[in-house]
Amino acid sequence: MDTYFSKKNTGGSYASKGFEYQDYCCLSTVFMNLSENDFKSVSVETINDFTIMFETYEVCVQVKRQHINISYAKTLLEGIEIKKDKMYEIIGTSISEDLRNLMTNIMWLKNIKNSSRNDSEKIDAEESLKKILEKQKLEKYYEKLLITSFAPIPEDMAPMALYANYSYWLDTNSYSCNKEDLLNNMLLKISKMRSDRAYLNKEDLEATINQYRIETAVTKVLDEFYDRKFKTPSEILRILGGDKEEILKKLEVHIIEADKYIKSKDFSKALKIYSSLAVLYQEEVVLINCAMLYEVLDNYSEAISYCNKILQLNPRSYEAYFILGTSSGQLNQIDNALEYLNKAKELKETAEIYYNLGFIYYLRKDNDKAYSCYRKCLELDDTFADAHLNISDFTEKENAIFHLDRAIELNSHMYQAYGKKGELLRDIGLHNHAIRYFKKCLDYDKTNFQALQGISLCLLDLGKPEEAAIYFADWISEYKEQLLPSKMNNGQSNMIVDITWHRTRFLHYKKIDENIIRVDMPYGSVEINISEDKGFIFIGCLMNLDKSETVLPIVGKLYKNEKEFLKCVTSIKNNSILTNDNATMARSIKVLVREYNDRIFISIDVGNYQMSGFTDMISDGYRNFLNGYNSKKEIGVLISCLDSKKDFLIEGIINVTLEKFEEEPLKKLKNDITKEMLNKAMESDSNN
């Protein structure tokens with residue numbers, strides 16, 4: 001058995017060839033990761049050529065001074081060990097085109113797995129990659145490839161790659177230093193580490209860099225003031241020499257830098273510069289920036305403190321009173337907020353002032369004044385999208401729709417406007433239109449309370465309780481604390497009160513256990529699964545071995561963990577006619593397949609137990625299902641588990657309903673709801 005100090009595990013210590021290339025690669029990788037918050041250290045020539053350590057994982061890097069193709073990659077992958085919290089990178093002087101394409105496909109799969117896409121898309125992507133690996137005869141390396149990357153660094157370009165990463169790090173962190181001396185020192189450290197089998201932690205690396213740092217007068221001013229080592233400008237001037245104006249000219253570059261930070265929303269770095277400058281140069285414009293940045297960073301008390309300093313310099317500062325007003329409002333000091341905002345209004349009437357006054361009056365429940373302020377805001381600036389959004393709460397429905405349409409026209413990503421318009425349309429009974437707007441809201445805010453609730457209730461009114469159950473499940477899952485408080489025990493019930501234009505409806509729901517809720521709908525009770533592994537629905541066909549003939553069209557559900565799979569199977573058995581005759585059991589199952597423009601809804605009912613869901617698209621699987629069903633006039637229900645590879649199949653189901661719905665896409669966002677439509681809907685809802 002090889003020990004840690006054996007020749008096999010420390011091969012680099014016995015060979016001099018390749019050290020220089022390896023050192024360049026190592027130091028280049030260090031500078032690529034040094035700014036990461038969870039970077040800890042680098043070790044050289046342990047089991048691998050070098051290892052980059054992070055807080056929760058490590059990356060073991062091998063440097064190969066040669067070209068890497070698919071064949072050589074297989075050899076290298078044989079030596080990879082799959083271990084928890086360990087990843088691998090293999091650097092070569094070049095990599096083949098097919099290996100490069102393979103890395104692109106693996107990165108594509110990783111991006112999909114880390115995205116918000118549904119489980120079906122993720123599994124499809126995984127299967128697609130596995131097919132690519134089969135063609136390359138790499139299928140047995142699938143798990144290893146997911147934790148391994150291959151990177152090319154041409155040998156003659158290694159010094160340039162290091163210099164590029166090193167310079168980028170220095171520029172990003174605003175370091176001014178003797179670059180050549182620092183680089184030589186770092187390379188010597190890496191080389192010495194190899195012979196000593198040593199490591200460097202992040203603090204050691206930064207300490208080495210700081211030894212070569214050239215500290216400018218401007219940097220010293222900022223650092224000293226930020227750290228509060230000196231209390232007055234005169235102390236700084238005595239240390240630096242020169243006069244204030246000379247120093248301020250040097251600070252100009254940092255003011256420009258601070259403004260760049262503001263534009264990139266890195267407000268903390270911008271504040272460090274401005275607050276340091278404010279100690280030396282207490283001018284109104286500098287203090288206003290400090291107050292503004294403190295407010296943006298939710299430090300309202302400090303923002304107010306700076307505003308008071310501004311008012312000492314300029315008692316008629318509009319900006320100071322404005323920030324005083326908005327910060328006081330955030331601290332729920334409503335009377336103070338009104339006082340300061342009205343003082344700002346006396347100095348300058350702006351749309352922003354009236355908008356904020358409108359919001360403060362709304363908090364005071366003074367709706368008439370709130371409406372008046374929002375209207376004045378829009379008179380001054382009709383492009384104020386947030387004002388259009390808020391004023392819609394205080395107008396008649398026709399005007400509310402106008403303002404919401406205008407808000408969407410000005411800001412097509414304003415999900416609140418889609419949600420509000422959806423709720424307004426639901427209120428008067430235009431449920432299909434409302435659903436379109438709720439779904440648009442969810443495109444931008446996937447867990448929006450108003451949209452998830454609104455779609456659920458709309459689908460109930462449209463007589464689609466199976467689809468409503470899906471959105472109820474998402475709604476309750478996302479807002480458990482609100483809808484299922486911790487004090488609510490198993491077996492206890494709660495109630496949803498739904499008040500619309502001319503009707504009040506009560507929906508009761510009962511907590512069966514931590515993962516199952518029973519909702520009493522107008523069409524009967526439905527049990528809803530709110531566990532993390534809800535599974536996902538699928539539709540397709542079982543084929544014979546050579547895929548030349550359809551054996552059985554199927555619908556079903558795929559679960560990841562066995563616990564949820566077994567609960568589903570048990571529920572089916574408990575709610576069906578249990579006999580040894582599969583055909584008798586099948587008669588207790590009803591299946592609904594509803595086709596929309598871009599997706600399929602599937603519902604499987606077994607007594608009081610229901611499984612339902614949407615596919616993410618209309619695929620060949622659905623078309624094969626239709627062909628198979630039209631031929632055989634019966635289907636099967638298949639429940640599967642990914643982890644245990646277990647299946648539960650019921651054949652011979654003939655109670656199948658196929659439906660097709662044409663949906664109008666949400667393209668026309670303005671004037672899509674006419675006055676006549678509103679009046680007709682309200683009259684119809686009133687009669688109902």
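Figured I'd write up the structure that's included with this text. Predicted model only: the values in this text are computed from it and were never measured.

A few words on the sheet that holds strand β8 (residues 503-511). Taken together, the 4 strands give an open sheet; going across it, the order is β7-β8-β9-β10, and neighbouring strands pair in antiparallel fashion. Both outer strands of the open sheet, β7 (493-500) and β10 (524-529), are each paired with one neighbouring strand and no more. Between one strand and the next, the sheet's axes are offset by a mean angle of 25 degrees, whatever the strand orientation. Of the pairings in the sheet, the one linking β8 to strand β9 (residues 516-521) comprises 4 bridges and is antiparallel in character. Within β9, the residue paired with His508 across the bridge is Asp520. Lying over the sheet, helix α23 (residues 449-461) contacts β7, β8 and β9, oriented at roughly 110 degrees with respect to β8.

The end-to-end C-alpha distance of helix α14 (residues 300-313) is 20 Å, a good match for the 20 Å that 14 residues give at a rise of 1.5 Å each. Those residues of α14 that sit buried are Tyr300, Ala303, Ile304, Tyr306, Cys307, Ile310 and Leu311. Along the axis of α14, the buried residues cluster in a sector spanning 165 degrees; they form a single face. Turned more than 90 degrees away from the buried face of α14 sit Ser301 and Gln312, all of them exposed.

The tally for this structure, following the rule as stated, stands at 23 aromatic pairs. Centre to centre, the rings of Phe54 and Tyr57 are 4.7 Å apart; their planes meet at 10 degrees, and the pair counts as stacked. Among the residues examined, Tyr57 registers a relative accessible area of 27% and is labelled partly exposed. What links up through ring pairs into an aromatic cluster is the set Tyr355, Phe359, Tyr362, Tyr374, Phe384 and Phe394. Across from the ring centre of Tyr142, 4.9 Å away, lies the NZ or CZ of Lys130, which sits over that ring. The aromatic ring of Tyr306 is capped on one face by Lys309, whose charged end is 4.5 Å from the ring centroid.

Time to look at the pattern of salt bridges. Opposite charge on two side chains makes pairing possible when the charged atoms of those side chains draw close. Applying the stated criterion across every chain yields a total of 24 salt bridges. Lys113 is the partner of Glu126 in a salt bridge, and the nearest nitrogen-oxygen pair spans 3.5 Å. Taken together, the residues Glu126 in helix α4 (residues 119-135) and Lys113 in helix α3 (residues 97-113) connect sequence positions 13 residues apart. Connected via shared salt-bridge partners are Asp382, Arg406 and Glu409.

Calculation criteria
Residues numbered from 1 in each chain as written. Predicted model: local features only at pLDDT ≥ 70, side-chain atom pairs only at ≥ 80, totals over all residues. Heavy atoms only, no water. Pairing = 2+ DSSP bridges. Helix = DSSP H or I, 4+ residues; strand = E, 2+ residues; numbered from the N terminus. Axes fitted to C-alpha atoms, helices over the stretch in contact; angles between N-to-C directions. Contact = heavy atoms within 4.5 Å. Expected span 1.5 Å × (residues − 1). Buried < 20%, exposed > 50% of the residue type's maximum accessible area, 1.4 Å probe, protein only. Arc of directions from axis to C-beta. Phe/Tyr/Trp six-rings, centres within 6.5 Å; stacked < 30°, edge-to-face > 60°. Lys NZ or Arg CZ within 6 Å of the ring centre and 35° of its normal. Salt bridge = Lys/Arg side-chain N within 4 Å of Asp/Glu carboxyl O.

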